[in-house]
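Results of the structural survey
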Amino acid sequence: MMAFNINRHFFVNNKTFAYALLIAYIVVYIIFLTCFVPNFNLEEEDGESSKIVIPEFMETEQSDYDWRWTWICINNSCSRQACVSGKQISLQKCNMLCFKPQLWPMPKKVFLYEKKYVSFAIHQLYVKSKVQQPARRMLRAAYGYFVKNVAGLIRDPVKSANIRRVNVNVIISDHTTATLKLDTEESYTLIIKNVGANTIARITANNYFGARHALETLSQLIWFDNVDRTLNIITDIYIEDKPSFPYRGLMLDTARNYFPVQLLLKIIDGMAANKLNTFHWHLTDSHSFPFSSKSYPDLAKYGSYEPTKVYSINDIKNIIEYGKLHGIRVILEVDAPSHVLSGWREINTSTPLIFPDEANLNGQLNPNNPEALNILKNIYYDILQLTGDDLFHIGGDEVTFDTWLNLNNIDERAALNYWAFYMHKIISVLTSANGGKPVKKIILWSSKLTNSQQIRRLLNPNITTIVQNWYGYVNSSFMKELNLKLILSHVNSWYLDCGFGAWQEGRAPACSPYRTWQHMYKTNPWRRLMYQVTVLGGEVCMWTEQVGEDSLETRVWPRSAAFAERVWSNPYVQHNIIPLHTYTRLDSQRERMSRRNIKSEVLWPRYCTLNPGKC
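Here's what I pulled together on the structure shown here. Just so it is clear, the model here is predicted, and its values are computed rather than measured.

The rules we used
Here the residue numbering is sequential within each chain, running from 1 through the sequence in written order. Only residues with pLDDT of at least 70 are given local features in this predicted model, and only at 80 or more are side-chain atom pairs given and counted; all residues enter the totals for whole chains, interfaces and linings. Side-chain descriptors were evaluated using all non-hydrogen atoms of the structure, hydrogens and water having been removed beforehand. Secondary structure follows DSSP: runs of H or I at least 4 residues long count as helices, runs of E at least 2 residues long count as strands, and numbering of each begins at the N terminus. Residues count as neighbours in contact if any of their non-hydrogen atoms are within 4.5 Å of one another. Only protein atoms enter the calculation, which uses a 1 Å grid: trapped sets of points that fit a 1.4 Å probe without letting it out are cavities, open sets showing protein on both sides within 12 Å along at least five of seven lines are pockets, and any residue with an atom within 4 Å of a point is a lining residue. Grid points are joined across faces, edges and corners, and a volume is the space filled by probe spheres set on the points. Residues are sorted three ways: Asp, Glu, Lys and Arg are charged, Ala, Val, Leu, Ile, Met, Phe, Trp, Tyr, Cys and Pro are nonpolar, and all the rest, Gly among them, are polar. Only Phe, Tyr and Trp rings are paired, with Trp represented by its six-membered ring, and only when their centres lie within 6.5 Å; those with planes under 30 degrees apart are stacked, over 60 edge-to-face, the remainder tilted. Summary of the burial criterion: residues with accessible area below 20% of their type's maximum are buried, those above 50% are exposed, and those between are partly exposed, where the area comes from a 1.4 Å probe applied to protein chains only. Put simply, a disulfide is two cysteine sulfurs that come within 2.5 Å. DSSP-based pairing: two strands are paired if at least 2 bridges between them are found. By definition here, a helix of n residues has an expected span of 1.5 Å times n minus one.

Looking at the side chain of glutamate 216
Note that glutamate 216 resides in helix 5 (residues 208–220). Discounting residues that sit within four places of it in the chain, glutamate 216 has contacts with Asn149, Ala272, Ala273, Lys275 and Arg596.

Okay, here's the thing in structure tokens:
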């Protein structure tokens, strides 16, 4: 206490010192604002600038600078050599300038006129665009994410800059598109060039979503050099880009194991970094029902693993909005009529609501109980209020006939007709939940039903029917005849849960073997289908029987990044051998994601990173 009094009297009696300390604090704060805060000018139509919320600056980490080595570009690959004299070149700089820029997924057209770059400090970054609502609000958020990603690259205080500023100019022709649909244009062009003392990055896109992709590409053309301690950007480059497919999805099952909201947001961060655009949220299953439906809260009350392991309406709204700002649509799936158990069996009705199959951790709705359809109708209403009616996943796979056969005294062939009839009823209650208006597009998993003539019973001329193929042969001529669209998610190619064995003795493993990133990258299932049926794209699937919070990200990345380049760029792999520069680019993308606090499984020994082309 005495020490405190002594210090207090010292400051009171030495006002000059106190004032000097205050002035020093102000000077330091001004220097921080000058050196570390980027400049945002989001101009209105009248030319006035509005202020944008500036993201919190990420603290720098200790550099991984290694004085022993330099890298030299030899035959389009970076060769590590002992640094004995001369100017040292970092691995990051060599990789960016040696052959192809370290972009992922690789854009459709990249013209690098000269291998040039400039150095800048983050406070020299200016972003301008004359936009109207709702694009203006969305661009503000995208700018924030962009600068946060750039700031995350910095590992030491930036040493120097050789330009006055970096101007990012965004031009959007359609200011009104705020929802991503299957026919939404996602193309963009990006031109970076030096004009006098400034570097100009010009983004041109039809709408917000193309502009967001361009900002992602721009962030990948920037790197922090741990030798020179400079923040650098490639110049004299022209990029023209668009996706190969309108549906580029990642499915996550949150029913077999629960994942907190913040972890789901990190998955969306990773998707945005790889230009995936659909987060298929397999929200419920027989194992648990964590969806806090407004209409039937008891489903989550008794169907969740714990009272806190539920997704509220506000949680889902926030995830949908976060996804939209990252160029990602969110699709909610409450699977039916199969995969129902937890939560459903606790609802009391005069006749059974479901037929549980405890031995197989499954259950099915009772088709003879109209209350089951009424509950589905109200759940669908809750979902439609959150996601809209453009694209709706109804599940619809893996129906087992045993109970239905006994219940209705029918044979298996008749059961297939009954299944089709019941699915028709489910689609009818979906229409009713949408105010009597058919949803624009429905997705259902492939099954015996989708490969049979009975699927005709489901079809509605006012609804586009999309089959998500996860196993079996695709009868393309049959699909073309019925005008069915296709999303590919085949278990043999794009299932992330394969190869980890059975989770209990006596049970068969979900699937095997393990699907490597190379396998996911090289898989090109539409090569023989595209001329016969409309392929909307693909989806990588993460079923979570053996995945928890601590392992989710490394199970998803970087394999889903490899898949992402397949559905964005659809690259040609000559002689079925992935080029060495693709390994280097994916390794750079993994490092980039790590700087964004996204965890990824390692690709290879560190030696291979330090010695490109040698592994």
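Let us keep going from here.
Comments concerning the layout of surface pockets
Each pocket or cavity is described by its volume, and for the largest pocket that value is around 920 Å³. Around the largest pocket, the lining is made up of 36 residues, and of these Arg256, His339, Glu398, Trp470 and Glu545 lie nearest the centre. Its volume calculated, the second largest pocket comes out at about 780 Å³. Contributing to the lining of the second largest pocket are 38 residues, with Leu91, Gln92, Arg155, Glu591 and Arg606 lying nearest its centre. Elements represented by at least two residues in the lining of the second largest pocket include exactly strand 3 (69–74), helix 3 (91–98), strand 10 (222–225), helix 17 (580–595) and helix 18 (606–610). At seven residues, helix 17 tops the list of elements feeding residues into the lining of the second largest pocket. A breakdown of the residues in the lining of the second largest pocket according to their chemical character gives 17 nonpolar, 10 polar and 11 charged.

Focus on the packing of aromatic side chains
Scanning all chains against the criterion turns up 22 aromatic pairs. Seen in terms of ring centroids, tryptophan 104 and tyrosine 521 are 6.1 Å apart; in terms of plane orientation they differ by 40°. Their pairing is tilted. A residue pair is termed long-range when its members are at least 10 positions apart, and tryptophan 104 in the loop between helix 3 and strand 5 (109–120) and tyrosine 521 in helix 14 (residues 517–522) qualify at 417 residues. Neither residue differs from the other here; tryptophan 104 and tyrosine 521 are each classed as buried. Ring centres of tryptophan 281 and tyrosine 311 lie 4.9 Å apart, and the angle between their planes is 80°; on these two criteria the pair is classed as edge-to-face.

Describing the state of the cysteines
In the structure shown here, the tally under the stated rule is four disulfides. The disulfide partner of cysteine 73 is cysteine 98, and the gap between their sulfur atoms is 2.0 Å. Linking cysteine 73 and cysteine 98, the disulfide has an S-S dihedral of approximately 70° and is accordingly described as right-handed. Of this pair, cysteine 73 sits in strand 3 while cysteine 98 sits in helix 3, and the two are 25 residues apart along the sequence.

Considering the pairing of strand 10
Here strand 10 shows a buried face lined by Ile222 and Phe224 and a second buried face lined by Trp223 and Asp225. Of the pairings in the sheet, the one linking strand 10 to strand 11 (residues 230–241) comprises four bridges and is antiparallel in character. Bridge pairing links aspartate 225 to threonine 230 in strand 11. Taken together, strand 10 and the strand that follows it, strand 11, pair antiparallel across an intervening segment of four residues, in which arginine 229 is found at a positive phi of about 55°.

Focus on helix 8 (residues 313–325)
Taking 1.5 Å per residue as the helical rise, helix 8 with its 13 residues ought to reach 18 Å, and the 19 Å between its terminal C-alpha atoms agrees with that figure. Ile313, Ile316, Ile319, Ile320, Tyr322, Gly323 and Leu325 are the residues of helix 8 that are buried. The inward-facing, buried residues of helix 8 abut helix 4 (135–151), helix 5, helix 6 (261–273), strand 13 (278–284), strand 14 (329–336) and helix 9 (370–387). Glycine 327 sits one or two residues past helix 8 and shows a positive phi near 75°.

Some remarks on the side chain of glutamine 468
On the secondary structure map, glutamine 468 appears in strand 19 (residues 464–469). Discounting residues that sit within four places of it in the chain, glutamine 468 has contacts with His280, His393, Ile443, Leu444, Trp445, Ser446, Ile487, Ser489, Glu539 and Cys541.

Quick word on empty space enclosed by the protein
The full count for this structure, using the stated rule, is two cavities of 30 Å³ or more. Here the largest cavity is characterised by a volume of approximately 70 Å³. As for the largest cavity, its lining consists of Ser446, Thr450, Asn451, Val467, Asn469, Tyr473, Val474, Asn475, Met479, Leu484 and Leu486. Partitioned by chemical class, the residues of the lining of the largest cavity number six nonpolar, five polar and no charged. Its boundaries defined by the atoms lining it, the second largest cavity holds a volume of some 50 Å³. Around the second largest cavity, the lining residues are Asp497, Phe500, Ala510, Trp543, Glu545, Gln546, Val547 and Arg555.

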